[in-house]
Structure formats: structure tokens, C-alpha cells
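Descriptive structure summary
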Amino acid sequence: MRQVLAGADARCLFALSRLSDPAPRGAGPVLSAVPAERARGRRAALSFATIAVVLGLPLWWKTTETYRAALPYGDIDGLSQQPVQLVVPMAVVFAPGSVPGDLPRPLPFRDVQEMEISVNLRTSVTSRYEMRYRSTTAQEEAALAAATAREADAALYPLQDTTLGSLTMYVVPETSSLLPQGISVYVGKHRSALLRAGGGLAALQARLREVTQLMSFTATSIAAALSDRVPDGQLGPDARRNLKSSLGYEITFSLLNPDPKSHTVDWDIEGAVNRFVKPVLDKLSLVANFSVDSQILYYAVLGVTPRYDKESSSFLLSAHSLPHVINPVEARLGSSAASLYPVLNFLLYVPERSHSPLYIQDKDGAPVSTNAFHSPRWGGIMVYNVEAPASPQASLPVHVDVDMARVMEVFLAQLRLLFGLSREEVPPEFLLESPGNEGLADWELDHLLWAHTVENIATVSTTLTSLAQLLDKIGNIVIKDDVASEVYQAVASVQSAVTELSLGHLLAAFQASKEAVTCSERAFFDPSLLHLLYFPDDQKFAIYIPLFLPMAVPILLSLAKIVRETRLRKKEPTKMD
């Protein structure tokens, strides 16, 4: 019993001694190290979060953003509203005895006439004729003393201004024998015209206005060039029949022989192109680039069965059936599938023996003299009939030599119609000199340049506006520096073209408009614009979530723990001594 009590007393004394003994060595630093470790952890978490937000996110945003070079959106928007002024330098030269008595002041003097061409509310086109009135020089008087107007026009050509777009009008006395009887205006092959004097200044100015519009441009031709901006109903039926302006055209001559067993057709297309077509294309080379090729298609028949006429013992194609002829034939051509430019098709069709002879009728049922027809913005077809052999026992196939002079005369006339160079609407008192082998006169070339320059300006404005709207709407599209450079160059070229037109420099304006078209097309169809066009948002999440989620979770949890501990410390009561 004593031993048990003694053991219990010993344990009590040991416990008391433990309570009374001082703290063991090293216990204080361990307890104080816990808050320091927590503070260091908080500082590390805040450092990682700060680096990720301040440096990581901006660096990631900058290195992964879609590069978009700056574009002149304001200048592009102003192109459609930029007024266009067409200035025509013009000289009016009076021969002795042709000066009107009511001139406002003695010769020489200058005058300006302006006319507004209405297109729409946003497009303003003004024609301005800067007229310089003067008397003839001694050399010009000698040239006007020629026997005929053609000889006078040839003699006056070296003496006049040959700048593209400029005109020279020579006024001869009313009794002059230089112009034929009943003719008041003679328009030569170059950029000059002869006018018969008669009446006062008002009558002369009215006649000058008719001649200048014929030799330069009319309100109809400018409206046709801007047909995309003219409201429907304000244009005539022929306004959209001319070829659209292009940097190049491809001309294809095709010989269609549907019955090679009966006809062996020989055509010297190479010689005909060099003799008849090449001079015309050389002159049109200023307008666009041309390439010519030819082909022979066998067993190519028309898509319409001609009607047999007993009275004439021939087959007829009516006017309403002609549109159905082109589609089946066009499927055999295959020339426009791989072409970057508009293709002009000229087809020579030799009808099969069972449908010969074949003639084309007009809307009134009368036979067409050329036995040909043309389709706007497509080309033309000529039917070439072959004489039947004198004897039914003649051997087949029959050899046929095509008269290329007659064929090319028709094709060149159709080419003029495709470009809108028609001479059918000339007043009866006007006499127009034939252009000869060149196919078109100098003033007709100017007529094309005026229309194509205005059309190019409108085309570039439309192209750049569409591109700017597309890029502004879709932010994923990359805009490289070379694309932006093309856009800036196109805008500058359009503005230069408008400036040159206002100065009367037609050639410089046309070349600037072509440069603008080239740059705008290159920018609009640049392949780099499509790289990120179809990059959906789910692909973005699939790429970035595996990258950012493992890194973001520890940082976010640490920040949440820091916030929670901070709130707990604020809630603890403050100890007072």
C-alpha cells in the first residue's frame, strides 16, 4: 500500500515539475515560423498572379492577335461621293468668210460650257468644254483649199493638236464646195471636223455641241458606263449591251463544220487575222490587252432546227429562235472556262448539206443581208452557205474555200458593236469618214477611253467599298501590309485619275484608272484574306484551355485562400492589454 501511494506521489510530483520547468529549447522559433511561412506563400502567390496578369496576358494577347494593317476607310467612303469633271479641250477655227456676226468679242477668245450629267443622288458627273475660238493660219487656209473634205482632213492632221481627248473644229463658209451638197458636218478619221457656217452664234454652238458629243461622249454613254449606279428604269434597253471595261479581252474565232463528210472547209484564219484584225487590235491596245486564238469544231450543230421555206427552197432561222442557238454551241467552245478576261466569240457556221442554204431573218421576217447576228457581251455568229454541186453525182466531200475578206468584214462590224461604236444614230446631215483598215477613227478611240475611264473609277470605288465593309465586319481576317499597300495605291490612283480628267488629260486619267483597277483587284482577291476567315470559337477554346487551365487553377486557388484568410483576420477581435 505504501508502495502504491509512493508511486502515485512520485507521478504527481513529476507532473508538477514539468509544469513548473521552463519551456524546452527551440519551441519559440517553431511557433513563430508558421506565420512567416504563410506570409511568404501569400507573397509568392501574389507575385505569380501579378506576373501572369501584367506580363503574361498582354504578351499572349499581342503574340496571338490577328494582324490588321490600317486602311484609309475615310478616303474609300469618299470615293463614291467624289465629283467627276470631264474636261474636253476644244479649238474652234474660223476660215475666212465664216465668222458669225454676233460674236461676243473679237477673235481670239476663250469660252467655257458646262453640262450636268445626272446619274444618282450620290454621283455627280459634269462635262466641261473649254473652247478656244481663233482664226485659221496660213497653212490651215492652204489645207482648206483642197478639192475634197478627205484631202483637207489629211492635210490638216499635221497642223492640229493630236492629244487624246482634244478636238479641233474648222468652220468653213456656207457656200464652200469642200462639203458635199446637203452635208453640214464632215467628221474625219482623226480628231477634227469640218462645219458649214450658217445662222448666228447660237446655231453654231448647237451644232458644235452635237459634234463634240459625237466625237467625245454623250450623257447616254456616261450613264451606260455607270449603269451599276443608275436606278432601274432610267437607262435605255441598249445601255447594258456594251462590253464592260476590262484589263484584257480574249478573241476566239471558231469554224463550225457540222457535216465534215459533205464539206471540207479551208479558211486562212491566220492570214485574215494579220490582215484585217491586227490593225484594229493594235489601235485598241491602248484600251486593253488582246489575245486571239482559233479553232475548228466538227459535228457542232445548232440547237435549233431551221424551218424549210418552199417558196425560196431554203431553210430559215427566225429572229426569236436565235437566242436558243448560242447555248448548245457555247457548250462546245470551252474557251471561257479557263479565261481570266471576257471572251469574245466569233463563229463561222457552215450548215450541213441537209439544211443548205440557211438564211437568218430579222424581226420583220426579212432576210439579213450579212446572214449574221451578234449577241451583246458575247460575240457573233455568221452563217456561210456553200453552193450546191452542179451534179448530184459529184464526189463528196466538197472542198470549200472561205472568202475571209467578206467574213472578217462582218466580224469587225460585230466587234465595233460589242464595244458600243455604232454609227447608226448619226444625223443625216453628218458625213463620217470611213476609218479604213484601222477599223476605228481616232475620235472613236477617245470615245472608248472616256467611257472606260469613268467606268474604271466607278468599279474601283465599288470594289474598295465592298472590301472595306467586309474587313470591318469580320475581325478575324488578316490584313497584311502588301494588301494595305495595294488599297492605298488604288485610292491614290483613283484620285489621280479624277484630277487628270479635270485637267483634260485623257490618256493620263485612263492609265491611272487602269492602275487603280489592277491594285483594287489584287487587294480584293488576295489569298491571305481567307486564312482566318473561317476560324470558329470552339477551335480557339480547344487550343487555349489545355494551355491556360493547368497554370490558372493553382494561382486562382491561392488567391482565393489569401482572400479568405484576410477576411478571417478582419473578423477576429482585437486584444487589448
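Here the structure is a predicted model, which means the values were calculated and not measured. (Residues numbered from 1 in each chain as written. Predicted model: local features only at pLDDT ≥ 70, side-chain atom pairs only at ≥ 80, totals over all residues. Heavy atoms only, no water.)

1. Focus: the overall build of the protein
The condition that has to hold: A helix here means a DSSP run of H or I that spans at least four residues, while a strand means a run of E at least two residues long, and both kinds are numbered starting from the N terminus. Classification of residues uses two cut-offs on accessible area relative to the type maximum, computed with a 1.4 Å probe and protein chains only: under 20% is buried, over 50% is exposed, and between them is partly exposed. Here a residue-residue contact requires only that any non-hydrogen atoms of the pair lie within 4.5 Å. Here the accessible surface of atoms and residues is derived via Shrake-Rupley with a 1.4 Å probe, and residues count as covered only by protein chains that are part of the display.
A tally of regular secondary structure across the protein gives 14 helices and 17 strands. Across the 577 residues of the protein, 42% fall into the buried class. For the protein, restricting intrachain contacts to residue pairs at least 6 apart in sequence, the fraction spanning at least 24 positions comes to 77%. About 32,100 Å² of surface is accessible on the protein, with carbon and sulfur atoms providing 57% of the total.

2. Notes on the sheet that holds strand β11 (residues 314-317)
Rules: When DSSP finds at least two bridges between two strands, those strands are taken to pair. Under this scheme, a helix contributes an axis fitted over its contacting stretch, all axes are lines through C-alpha atoms, and angles between N-to-C directions fall in the 0 to 180 degree range.
Read from one edge of the open sheet, three strands run β10-β11-β13, paired in mixed fashion. Two strands in the sheet have a free side with no partner beyond their single neighbour: β10 (307-309) and β13 (358-360). With direction set aside, neighbouring strand axes in the sheet form an average angle of 40°. In this sheet, β13 lies alongside β11 in parallel orientation, the contact comprising three bridges. Paired with leucine 316 across the strands is tyrosine 359, a residue of β13.

3. Let's talk about the UniProt feature "transmembrane region" (unreviewed entry) in the protein
As a reminder, the rule being used: UniProt positions are given in the numbering used here, feature names are shortened, and annotations may be inferred rather than shown by experiment.
The UniProt record marks residues 44-61 and 541-563 with the feature "transmembrane region" (unreviewed entry), using the residue numbering of this structure. Note that residues 44-61 is 100% helix and 0% strand, and that its end C-alpha atoms are spaced 24 Å apart. Note that residues 541-563 is 100% helix and 0% strand, and that its end C-alpha atoms are spaced 29 Å apart.

4. Some remarks on the sheet that holds strand β7 (residues 248-257)
Read from one edge of the open sheet, five strands run β9-β7-β12-β15-β14, paired in mixed fashion. The sheet is open, and its two borders are formed by β9 (289-298) and β14 (372-375), each paired with just one other strand. Here the average twist between neighbouring strands, direction ignored, is 15°. Sitting on the sheet, helix α8 (residues 269-284) is in contact with β7 and β9, with an inclination near 155° to β9.

5. Topic: the nonpolar core
The tendency in soluble globular proteins is for nonpolar side chains to be buried as a group. Our working definition: To qualify as a nonpolar core, a set must consist of buried Ala, Val, Leu, Ile, Met, Phe, Trp, Tyr and Cys residues joined through side-chain atoms within 4.5 Å.
By size, the foremost hydrophobic cluster in this structure holds 111 residues, and its most contacted members are Leu86, Met169, Leu208, Phe253, Leu348, Met408 and Phe419. In terms of residue count, helix α11 (residues 442-473) provides more of this core than any other element does, 13 residues in total. With residues near it in sequence (within four places) discarded, leucine 348 still touches Ser254, Leu255, Leu256, Trp267, Met382, Tyr384, Val402, Val407 and Phe411. Ranked by size, the runner-up nonpolar core spans 20 residues in total, among them Ala300, Phe315, Leu317 and Trp378.

6. Focus on the pattern of salt bridges
Using the following cut-off: By salt bridge we mean one thing: a side-chain nitrogen of Lys or Arg within 4 Å of a carboxyl oxygen of Asp or Glu.
If you walk through the whole model with that rule in mind, you get 12 salt bridges. Of the charged contacts, one joins glutamate 433 and arginine 150 as a salt bridge, the two residues approaching to 3.0 Å between their closest N and O atoms. Pair noted here: glutamate 433 is in the loop between β17 (430-432) and α11 and arginine 150 is in helix α5 (residues 149-156), with a separation of 283 residues, a long-range link. The exposure class of glutamate 433 is buried, given its relative accessible area of 10%. Between glutamate 438 and lysine 283 there is a salt bridge, and its shortest N-O distance comes to 2.8 Å. Of this pair, glutamate 438 sits in the loop between β17 and α11 while lysine 283 is found in helix α8, placing the two residues 155 residues apart along the sequence.

7. Examining the packing of aromatic side chains
How we decide: Only Phe, Tyr and Trp rings are paired, with Trp represented by its six-membered ring, and only when their centres lie within 6.5 Å; those with planes under 30 degrees apart are stacked, over 60 edge-to-face, the remainder tilted.
All chains considered together, the criterion is met by 12 aromatic pairs. Centre to centre, the rings of phenylalanine 524 and phenylalanine 525 are 5.1 Å apart; their planes meet at 75°, and the pair counts as edge-to-face. Phenylalanine 524 sits in the partly exposed class, given a relative accessible area of 32%. Among the aromatic residues, ring-to-ring pairing joins Phe94, Phe109 and Tyr133 into one connected group.

8. Brief notes about a nonpolar patch on the surface
Just so we agree on the cut-off: Patches here are clusters of residues that have more than 30% relative accessible area and form no salt bridge, with a 9 Å joining cutoff for like charges and a 5 Å cutoff for nonpolar side chains (Val, Leu, Ile, Met, Phe, Trp, Tyr).
Side chains of Ile51, Val53, Val54, Leu55 and Leu57 sit close together on the surface and give an oily, nonpolar patch of about 470 Å² of accessible area. Secondary-structure assignment places valine 54 in helix α2 (residues 27-64).

9. Quick notes on helix α13 (residues 506-524)
Test applied: The span one expects for a helix is its residue count, reduced by one, times 1.5 Å.
A rise of 1.5 Å per residue sets the reference length of α13, with its 19 residues, at 27 Å; its end C-alpha atoms lie 27 Å apart and thus fit the reference within 8%. All buried positions along α13 are accounted for by Leu506, Ala509, Phe510, Ala512, Ser513, Ala516, Val517, Cys519, Ser520 and Ala523. Its buried side turned inward, α13 meets α11 and α12 (481-502).

10. A short note on a negative patch on the surface
Here is the rule we go by: Residues scored as charged are limited to Lys and Arg (positive) and Asp and Glu (negative), so that His and the chain ends carry no count. Taken as the charge centre is NZ of Lys, CZ of Arg, CG of Asp or CD of Glu, depending on the residue.
On the surface, Asp266, Asp268, Glu270 and Asp401 cluster together into a patch of negative charge. By secondary structure assignment, the location of glutamate 270 is in helix α8.

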